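Listed below are the residues making up each chain.
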Amino acid sequence: MKKLITGVLLSACIATTAFAGGKHSDGHRGQGFLPIHKMVRVLDLSDAQKDQLKALKKEMKENRPEKGTQTSIKAQLAALDASDANYEQELNQLADLSAERAKVRVLKMADMRVKVQQILTAEQLEKFNAMAEKRAKRHNKKRQDNA
């Protein structure tokens, strides 16, 4: 009887870990700005466009900073001591760093958007913008649900 119960529990554990991937288990997690697999389907891309977008995505990935190289601003903020004499100065430095990182992010995104616009036709670009709008609405809804 003990072996039967152990076998059932082991089977249940294996089954739950096999399905633990959830809705993102299709290998397309984190596609973000350029979900090429969806773009191929929805925008009816030519082979040349697919190759150009893949090269653009590869360029984006190569220019991305390594994980763990940038210290988290939240962690630095948590480490600040409010009773320290340099608190205001350190806080302002963190705020400036955060603003600079946000500016760089926005400029990179705008540059990529221009490059995508050069690759896609006007009709495809219209559909792409509609896809981005839907994605933004879903993202904002998730944020509101988690708040």
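For every chain, the first residue of the written sequence is number 1, and numbering continues from 1 onward in sequence order. Confidence filtering applies because this is a predicted model: local features only for residues at pLDDT of at least 70, side-chain atom pairs given and counted only at 80 or more, and all residues used for totals across whole chains, interfaces and linings. For side-chain calculations, the full set of non-hydrogen atoms in the structure is used, while hydrogens and water are omitted.

Listed in UniProt under the heading Subcellular location (unreviewed entry), the comment for the protein reads: "Periplasm". UniProt positions are given in the numbering used here, feature names are shortened, and annotations may be inferred rather than shown by experiment. Entered under Sequence similarities (unreviewed entry) in the UniProt record, the comment concerning the protein runs "Belongs to the CpxP/Spy family."

Engineer: Hey, could you run me through the overall build of the protein in this one?
Structural biologist: Helix and strand content of the protein: six helices and zero strands. Within the span of the protein, comprising 147 residues, buried residues form 15% of the whole. For the protein, restricting intrachain contacts to residue pairs at least 6 apart in sequence, the fraction spanning at least 24 positions comes to 63%. Within the structure as shown, the protein displays about 11800 Å² of accessible surface, and the carbon and sulfur contribution to it stands at 56%. Strands are runs of DSSP state E lasting at least two residues, helices are runs of H or I lasting at least four, and both sets are numbered from the N terminus onward. Type-normalised accessible area, obtained with a 1.4 Å probe on protein chains alone, sets the label of each residue: buried when under 20%, exposed when over 50%, and partly exposed for intermediate values. In this description, contact between two residues means that some pair of their heavy atoms is separated by no more than 4.5 Å. What sets the accessible areas is the Shrake-Rupley method with a 1.4 Å probe; for residues, cover comes only from the shown protein chains.

Engineer: Whenever I open this one, unusual backbone geometry confuses me. Can you help?
Structural biologist: Only a minority of non-glycine residues have a phi that is not negative, and only a minority of peptide bonds are not trans. The backbone phi angle of Asp44 is positive, close to 55 degrees, even though this residue is not glycine. The exposed category is assigned to Asp44, whose relative accessible area is 64%.

Engineer: So what exactly am I meant to see when it comes to helix α6 (residues 122–146) here?
Structural biologist: A helix is expected to reach a length of 1.5 Å times the quantity of its residues less one. The first and last C-alpha atoms of α6 sit 36 Å apart over 25 residues, in line with the 36 Å expected at 1.5 Å per residue. The complete set of buried residues in α6 reads Gln124, Leu125, Phe128, Met131 and Ala132.

Engineer: Help me understand helix α2 (residues 36–43), please; the structure alone is not making it clear to me.
Structural biologist: Two residues of an α-helix separated by three or four positions point the same way, owing to the 3.6 residues in each turn. Residues of α2 that are buried: Ile36, Met39 and Leu43. Each buried residue of α2 lies within a common arc of 55 degrees when the element is viewed along its axis, so the set occupies one face. The inward-facing, buried residues of α2 abut α3 (47–63) and α6. Asp44 sits one or two positions beyond α2 and adopts a positive phi of about 55 degrees. Arc definition: it is the arc formed by the directions from the helix axis to the C-beta atoms.

Engineer: I would appreciate a short explanation of the confidence of the model for the protein in the present structure.
Structural biologist: Reading predicted coordinates in detail is not appropriate for stretches of low pLDDT. The pLDDT value tells you how sure the predictor is about a given residue, anywhere from 0 up to 100. The pLDDT averaged across the protein works out to 77; a share of 74% of its residues lies at or above 70. The lowest-confidence element of the protein is helix α1 (residues 2–18), averaging 63 in pLDDT; the highest-confidence one is helix α5 (residues 87–119), averaging 88. Segment residues 24–30: pLDDT under 50, and two contacts once partners within four positions in sequence are set aside and those in other chains are kept.

Engineer: Looking at this structure, I do not really get the side chain of Gln124. What am I missing?
Structural biologist: When you line up the elements, Gln124 lands in helix α6. Under the relative-accessibility criterion, Gln124 is labelled buried at 7%. Polar contacts involving the side chain of Gln124 include one to the main-chain carbonyl oxygen of Leu43, which spans 3.1 Å. Counted as a polar contact is a pair of N or O atoms within 3.5 Å, where, for protein atoms, one must be capable of donating a hydrogen and the other of accepting one, and residues adjacent in sequence contribute only when both atoms are in side chains. A distance of 3.4 Å separates a polar side-chain atom of Gln124 from the backbone oxygen of Asp44. Leave out the neighbours within four places in its chain, and Gln124 touches Leu43, Asp44, Leu45 and Gln49.

Engineer: Just to check I follow, could you spell out the environment of Asp81 for this structure?
Structural biologist: Locating Asp81 in the fold gives a position in the loop between α4 (73–79) and α5. Residue classification places Asp81 among the partly exposed residues on the basis of a relative accessible area of 44%. Here the alpha-carbon distance between Asp81 and Leu91, two residues 10 residues apart in the chain, equals 10.0 Å. A distance of 3.0 Å separates the side chain of Asp81 from the side chain of Ser83, its partner in a polar contact.

Engineer: Would you mind showing me how to read the nonpolar core here?
Structural biologist: One broad trend across soluble globular proteins is that nonpolar side chains are buried collectively. Met39, Leu43, Leu53, Leu120 and Phe128 are the most contacted members of the largest nonpolar core, which totals 13 residues. Among the elements of the structure, α2, α3, α5 and α6 are those that each provide at least two residues to this core. For Leu120, the contacting residues outside a window of four places in its chain are Met39, Leu43, Leu45, Gln49, Leu53, Leu125 and Phe128. For this analysis, a nonpolar core means a set of buried residues of the types Ala, Val, Leu, Ile, Met, Phe, Trp, Tyr and Cys, connected via side-chain atoms within 4.5 Å.

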